Amino acid sequence: MPPRILLTLILPACFLFLTMTSREARAETTGLRAGAAAVDITPPPGTSLDGVISKNGSVIGVHDRIFSRALVLDDGHTRIAICVNDLCMVERSYFDRAKQIVFEKTGLPVDRILMTSTHTHAAPRVPYGRASEKDDAYYEQLIEQMAAAIIQADQNLAPAQIAWGSFDAGKYAACRRFLAEKGSVSLNPFGVAGEQIKSVSGRSKSIIQPAAPIDPQCSLLSVQHRDGSPLAVLGNMSIHYSGGYQKGQISADYFGAYARHLAKILTTEKSHPPFVGMLSNGTSGNVGAVMKQDKKKYAAFEWIEESGQQFAEQSLKVINQLNYKSDLAIDMLEQELELGIRRPDAERLKWAREILEHPQQKTVHRWSKIYATEAVELSKYPPNEKIKIQAIRIGGLGIAGMPCEVFTETGLAIKDQSPFKATFSMELANGSSGYLPTPQQHALGGYETWPARSSYLEIDAETKIRQTALKLLNQLHD
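Since the structure is predicted, the reported quantities are computational estimates derived from the model, not experimental observations. Along each chain, the written sequence defines residue order, and numbers are assigned to residues from 1. In view of the model being predicted, local features appear only for residues whose pLDDT reaches at least 70, and side-chain atom pairs are presented and counted only at 80 or more, with totals across whole chains, interfaces and linings using the full set of residues. Excluding hydrogens and water, the side-chain figures rest on all heavy atoms present in the structure.

Caption draft 1: Spotlight on the state of the cysteines. Cysteine sulfur atoms are paired as a disulfide whenever they come within 2.5 Å of each other. Taken as a whole and judged by the stated rule, the model has 0 disulfides. The thiol sulfur of C88 is not disulfide-bonded, and the nearest other cysteine sulfur, from C404, lies at 14 Å.

Caption draft 2: Fine view of the pattern of salt bridges. By salt bridge we mean one thing: a side-chain nitrogen of Lys or Arg within 4 Å of a carboxyl oxygen of Asp or Glu. Applying the stated criterion across every chain yields a total of 23 salt bridges. Here D40 makes a salt bridge to R65, at a shortest N to O gap of 2.5 Å. In this pair, D40 is assigned in strand β1 (residues 33–40) and R65 in the loop between β2 (61–62) and β3 (67–74), connecting sequence segments 25 residues apart. Judged by its relative accessible area of 27%, D40 is partly exposed. Put simply, DSSP H or I for four residues or longer makes a helix, DSSP E for two residues or longer makes a strand, and each gets a number counted from the N terminus. Burial classes: relative accessible area under 20% of the type maximum marks a residue as buried, over 50% as exposed, and values in between as partly exposed (1.4 Å probe, protein chains only).

Caption draft 3: Focus on the packing of aromatic side chains. Aromatic rings from Phe, Tyr and Trp, with only the six-membered ring used for Trp, were paired whenever their centres fell within 6.5 Å, and each pair was classed as stacked if the ring planes differed by under 30 degrees, edge-to-face if by over 60, and tilted otherwise. Applying the stated criterion across every chain, the model contains 15 aromatic pairs. Seen in terms of ring centroids, Y245 and F301 are 6.3 Å apart; in terms of plane orientation they differ by 40°. Their pairing is tilted. Of the two residues, Y245 sits in the loop between β13 (230–237) and β14 (249–250) while F301 sits in the loop between β15 (276–281) and α5 (302–319), which places them 56 residues apart along the sequence. Taking the relative accessible area as the measure of exposure, F301 reaches 5% and is therefore buried. Judged by centre distance (4.5 Å) and plane angle (40°), the rings of Y254 and F255 are tilted. Residue classification places Y254 among the buried positions, given a relative accessible area of 0%. The class for F255 is buried, based on a relative accessible area of 1%. Here the aromatic residues F190, W351, W367, Y371, Y435, Y447 and W450 are joined through ring pairs into a cluster of three or more. Charge over a ring is defined by NZ of Lys or CZ of Arg lying within 6 Å of the ring centre and within 35 degrees of the ring normal. Directly above the ring of F190 sits R348, whose terminal nitrogen or CZ lies 3.8 Å from the centroid.

Caption draft 4: Summary view of the sheet that holds strand β20 (residues 422–426). The sheet built from 4 strands is open, its strands ordered β16-β17-β18-β20 with mixed pairing. Either end of the sheet is taken by a strand with one partner, and the two such strands are β16 (330–340) and β20. Going from strand to strand, the sheet's axes swing by 15° on average, the running direction of each strand aside. Bridge count for strand β18 (residues 397–401) against β20 is 5 bridges, and the pairing is parallel. Along β20, the bridge assignment pairs G401 with M426. Sheet contacts for helix α2 (residues 92–106): β16 and β17 (384–394); angle to β17, the most-contacted strand, approximately 50°. Pairing between strands is defined by DSSP: at least two bridges between the two strands are required. Lines fitted to C-alpha atoms define the axes here, with helix axes fitted over just the stretch in contact, and angles between the N-to-C directions of these axes take values from 0 to 180 degrees. Note on contacts: a residue pair is in contact if any heavy atoms of the two residues lie within 4.5 Å.

Caption draft 5: A look at the packing of helix α8 (residues 408–417) against helix α10 (residues 461–477). Interhelical geometry of α8 versus α10 gives an angle of 30° and a closest axis separation of 10 Å. When the interaxial angle is binned, α8 and α10 end up roughly parallel. Crossing angle aside, the handedness with which α8 passes α10 is right-handed. Residues T410, A413, I414 and Q417 of α8 form the contact with α10, whose participating residues are E462, R466, A469, L470 and L473. Note on residue classes: Ala, Val, Leu, Ile, Met, Phe, Trp, Tyr, Cys and Pro are nonpolar, Asp, Glu, Lys and Arg are charged, and everything else, Gly too, is polar. Counted by class, the contact of α8 with α10 contains 5 nonpolar, 2 polar and 2 charged residues. Just so you know how the angles are binned, under 35 degrees is roughly parallel, over 145 roughly antiparallel, 65 to 115 roughly perpendicular, and the rest oblique. Throughout, a crossing is termed right-handed when the near helix is turned clockwise from the far one, and left-handed when it is turned anticlockwise from it by less than a right angle.

Given below as C-alpha cells:
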C-alpha cells in the first residue's frame, strides 16, 4: 500500500484514539470527587462517660472502639465535609475549634463542614460529663482527632460516583412518650399538675396511645470510586440508640456495629483507601431504643451487634440496586439563629433553693431535687443562645443539620415540605442544645419538656429551627 494512502487511513484513527483518551482523562479529573476516613477517638481509662443518664461512671474497659468518621465531597466548585462522631453529644465550641483546625490545614471553609454525634450513651458527653482534668485532656485531644478525620478524608479525595436510597425500618422504632388520660399523670418535679405524658416506660392503664408518630425510613447515601469499588456509606436512622451496656465499658452502640458489619463486606483489596461506613442519628428525641425483634434475653452488647448487623444487611440490599452518578452538584448553606433560654424566674429559684437547703424533706416527685439543681444551673445561663442550622444539597438529595435532640414530628415535616425528592435530617449537628419538643409537645409535658440543661430553649424554638432548615433547603434547590 502506498505510504500516502496508509497515512490517510492511520491518521484519523490516531486522532480518534487520542480524542477518546483525552475525554477519558478529563472524565477522571473532573466531576465529583469524594474521600473518607476514620480516626480512633477511644478515650483512655478514667475518662468520664455519659453518666448523666446511664450513670456508667468512668472508662474501665473497651467493648468496641469509637471513631470519628468523615466524608468529604467536591464537585469541582464546592467542597463540603460531613463528620459523624461516636459520642453522646458535643457542645458547639468543641466542634467549632475542630472546624477551625480543618480550615487552617486544608482551606475548607468552616461553613462547609457539618459535624454531629451519634448519641451513643456508652461514650463521653462533651463537656457535660466532666469530672476531672483527665477529661479536659481527652477533650483537647478529641478536637485534634475530629479535625484529623476530616483532613484525612480531604487528602483521600478521588474521582467518585454517588447514589442514595432508603428502606423501611419502622419495626425497630417506637415513640417513647405516651399520651395518657387527663388527670392520670401525677405532679411533675416542680409540683405542677395537668400533664398528659408518661415518658420512656409508660406502663399504665391510663395510656391512650403513643404521643407522636415514628419516622420509619432508614436513608442511605452510598459513595463509590469511579471504578465501582465501595468508598463510603452514610446511613441515617431516627432511633435513640440500642443500649444494653456494661458499666464503664466504651461502645459506639449499634451505630458502630453497623459501620463494622458494612466494612466486613464492602472493604476491597484494591489500592483505594479503606472503606468507611457510618450511621448518623436522624430525629429521635422522642423515640426509644432499637426494638428487639424477638423475646430472646440478650446479654450485654449482644443486641447492639445483632441490630447493627441487621441494619447493615438491609442497607446492602438497597445499595446493590442503586444507579450511581458522577455529575452531581454539591452545595451547602448555614444560618445562625439566636434563641431564648427558659431561665427560671424568681419564684422557681426560691423553690429550688428551698429544696436544696433542706435535702431531707419529702418532695412531690422523686426527681424534684434533680430539677432544683437544674434550675440553679439554668439561672447561670445567658438569656439567649446562638445555634447553627445547616442544609446540604447533593444532586437531588437534601440534608438538614440541627443541634438538638429533635422530635420525629420535625423530621417528618421537613421531609414532607422539602423541595428535594429525598431528604433526611441529622440531629445533634454542630452542637448540643437539648431536646427540641414541638410547641404541641411542650403543652403535653413530660421530662423532655421540663426546664433543665437537657431542655432549655424557648418553647417556639422548634418552629424557628424547622422553618430555617426548610428555608435553606429551598434556597439550595432554587
